[in-house]
Amino acid sequence: MEVYHAGSRALQERAGVREAADHVGRSVGQDVKPVAAAFLALQPLLVVGAADPATGGVWASPVAGTPGFVRATGPRRMSVTGGVHAGDPLAPALATPGTYVGTLALDPRTRRRMRLNGRLRPTPEGFAVDADRVFSNCPKYLQKRDLSAIVPRTPGAPRHGTELTVRQRRFVAEADTFFLATVHGHGADAGHRGGNPGFVRVLSPRELLWRDYPGNSMFLTLGNLATDPRAGLLFLDWTLGTALQLTGEARTEFGADGQRRVRFTLAAAVETEGAVPLRWSAPAYSPANPDPAW
């Protein structure tokens, strides 16, 4: 499989970074190498992105557990013990064989992250992913957090809506991190976006905007959005374990000032208290974070 499709290539060309993207793309493979397998085995959190097979809505969901719950079980396979709670909007996709999924293992303790994308296979213990793409990303815009505790929590009843409440808007506006799921014709991807609080603007109960900071030149996320605007966003409360999941459409805007901005229009929101059994410390913000002033 080619590393880049037409959507990513178009953005690389527009930004003048095709050569840099080709260099970075050589690190993408299908094998889960020993260093990647060791990294996975230490992680308490995995973010999964996919499209709901019934509605087509794209969602990003947290899967968490004691380190060892996610592990490499073959040269091109990752297995997960457990999964999302029954009310998670991604539950139907994770029970459907052959679903394209993107996964992101992110370690705030070390500011390291890796992505593994492929096709899902439900298992008696949870699910497995047969990898199409495995690669690591740089630590840019990752806030450092220490894991304070793994806390037994029972997820609350999901609260559904089509607009963000006042409290949810404040939560998003104060966030320093969110996760972003996108799809394309032959796969799915889960990525990370970070910055100092205020880097996401809440324009209305149904519209968000954020600047696209310079990254690794691959343009995987924006490339996907160029061909398919469906997107899923995940915001986490790093202390209480609340998950706010949004689905809708996102489009990239190119400003006269040379900056890229992404505008997200909400279709549906799901908020679940106690969705993640992890308690993290307060963040040390990445030194790479730009001034969030607009």
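In every chain, residue numbers begin from 1 and rise along the written sequence. Two thresholds apply to this predicted model, a pLDDT of at least 70 for residue-level local features and 80 or more for giving and counting side-chain atom pairs, whereas whole-chain, interface and lining totals are computed over all residues. Hydrogens and waters are ignored; side-chain quantities use all the structure's heavy atoms.

Caption draft 1: Examining the sheet that holds strand β3 (residues 70-74) more closely. For two strands to pair, DSSP has to find at least two bridges joining them. In DSSP terms, a helix is any run of H or I states spanning at least four residues, a strand is any run of E spanning at least two, and both are numbered starting from the N terminus. One open sheet accounts for seven strands, arranged β2-β1-β5-β6-β7-β4-β3; its pairing is antiparallel. Pairing within the sheet leaves two strands with one partner each, and these edge strands are β2 (58-64) and β3. Averaged over neighbouring strand pairs, the angle between their axes works out to 35° when direction is ignored. Bridge count between β3 and strand β4 (residues 77-81): four bridges; the pairing is antiparallel. In this analysis an axis means a line fitted to C-alpha atoms, helices contributing only their contacting stretch, and an angle means the value between N-to-C directions, from 0 to 180 degrees.

Caption draft 2: Focus on unusual backbone geometry. Look at Arg111: it is not a glycine, yet its phi comes out positive at around 55°. Within the secondary structure, Arg111 sits in the loop between β5 (100-107) and β6 (112-122). Phi at Ser217 is positive, roughly 75°, even though this residue is not glycine. If you trace the backbone, Ser217 turns up in the loop between β13 (207-211) and α6 (220-227). Judged by its relative accessible area of 18%, Ser217 is buried. Throughout this description, buried means an accessible area under 20% of the type-specific maximum (1.4 Å probe, protein chains only), exposed means over 50%, and partly exposed covers the range between.

Caption draft 3: Structural context of the packing of aromatic side chains. Each pair of aromatic rings taken from Phe, Tyr and Trp, with Trp reduced to its six-membered ring, is defined by centres within 6.5 Å and is described as stacked if the planes are under 30 degrees apart, edge-to-face if over 60, and tilted in the remaining cases. Under the definition given, this model contains six aromatic pairs. On the basis of an interplanar angle of 50° and a centroid distance of 5.2 Å, the ring pair of Tyr141 and Tyr213 is categorised as tilted. In this pair, Tyr141 is assigned in the loop between β7 (126-137) and β8 (147-150) and Tyr213 in the loop between β13 and α6, connecting sequence segments 72 residues apart. Under the relative-accessibility criterion, Tyr141 is labelled buried at 10%. When the ring of Phe179 is compared with that of Trp238, the centres are 6.4 Å apart and the planes differ by 50°; the resulting orientation is tilted.

Caption draft 4: Representation of the nonpolar core in the model. We define the nonpolar core as a collection of buried residues of types Ala, Val, Leu, Ile, Met, Phe, Trp, Tyr and Cys that are connected through side-chain atoms lying within 4.5 Å of one another. In terms of nonpolar packing, the biggest core is built from 26 residues, with Leu46, Val48, Met78 and Val80 touching the most fellow members. Listed by contribution, the elements that provide at least two residues to this core are α3 (34-41), β1 (45-51), β2, β4, α4 (91-94), β5, β6 and β7. Among the elements that take part in this core, β7 stands out by supplying four residues, more than any other. What makes two residues a contact is simply this: any of their non-hydrogen atoms within 4.5 Å. Contacts of Met78, omitting those with residues within four sequence positions, involve Leu40, Leu46, Val70, Arg71, Ala72, Thr73, Thr103, Leu116, Phe127, Ala128 and Val129.

Caption draft 5: Focus on the side chain of Thr242. Looking at the element boundaries, Thr242 is found in the loop between β14 (230-236) and β15 (243-254). When its relative accessible area of 11% is taken as the criterion, Thr242 is described as buried. The residues contacting Thr242, other than those within four sequence positions of it, are Phe235, Leu236, Asp237, Glu271, Thr272, Glu273 and Gly274.

Caption draft 6: The packing of helix α1 (residues 6-15) against α6, seen in detail. Two elements in contact, α1 and α6, have axes separated by 7 Å at closest approach and are oriented at 115°. Where α1 crosses over α6, the handedness of that crossing is right-handed. Contacts between α1 and α6 involve Gly7, Ser8 and Leu11 on the former and, on the latter, Leu220, Leu222, Gly223, Ala226 and Thr227. Only Asp, Glu, Lys and Arg are considered charged, only Ala, Val, Leu, Ile, Met, Phe, Trp, Tyr, Cys and Pro nonpolar, and every remaining residue, Gly among them, polar. Its residues placed into classes, the contact of α1 with α6 shows four nonpolar, four polar and no charged. When the near helix sits turned anticlockwise from the far one by under a right angle, the crossing is termed left-handed; a clockwise turn instead gives a right-handed crossing.

Caption draft 7: Spatial organisation of the packing of α1 against helix α2 (residues 18-25). Running from N to C, α1 and α2 cross one another at 130°; their axes reach a closest spacing of 8 Å. Considering their axes alone, α1 and α2 lie oblique with respect to each other. Together, Arg9, Gln12 and Glu13 of α1 and Arg18, Ala21 and Asp22 of α2 make up the contact between the two elements. An angle below 35 degrees is treated as roughly parallel, one above 145 as roughly antiparallel, one from 65 to 115 as roughly perpendicular, and anything else as oblique.

Caption draft 8: Here's a closer look at the side chain of Arg9. Of note, Arg9 is situated in helix α1. The term polar contact refers here to a pair of N or O atoms within 3.5 Å; inside protein, the definition further demands a hydrogen-donor-capable atom paired with an acceptor-capable atom, and it admits residues adjacent in sequence only when both atoms are side-chain atoms. A distance of 2.9 Å separates the side chain of Arg9 from the side chain of Gln12, its partner in a polar contact. In contact with Arg9, other than residues within four places in its own chain, are Tyr4, Arg18 and Asp22.

Caption draft 9: Inspection of the environment of Arg230 at higher detail. Considering the arrangement of structural elements, one finds Arg230 in strand β14. Residue classification places Arg230 among the partly exposed positions, given a relative accessible area of 28%. Taking the C-alpha atoms as reference, Arg230 lies 6.5 Å from Thr182; in sequence the two are 48 residues apart. In this structure, Arg230 is in contact with Ala51, Gly56, Val58, Ala181, Thr182, Val183, Leu225, Gly248 and Glu249, ignoring residues within four places of it in sequence. In terms of polar contacts, Arg230 uses its side chain to reach the side chain of Asp228, at 2.8 Å.

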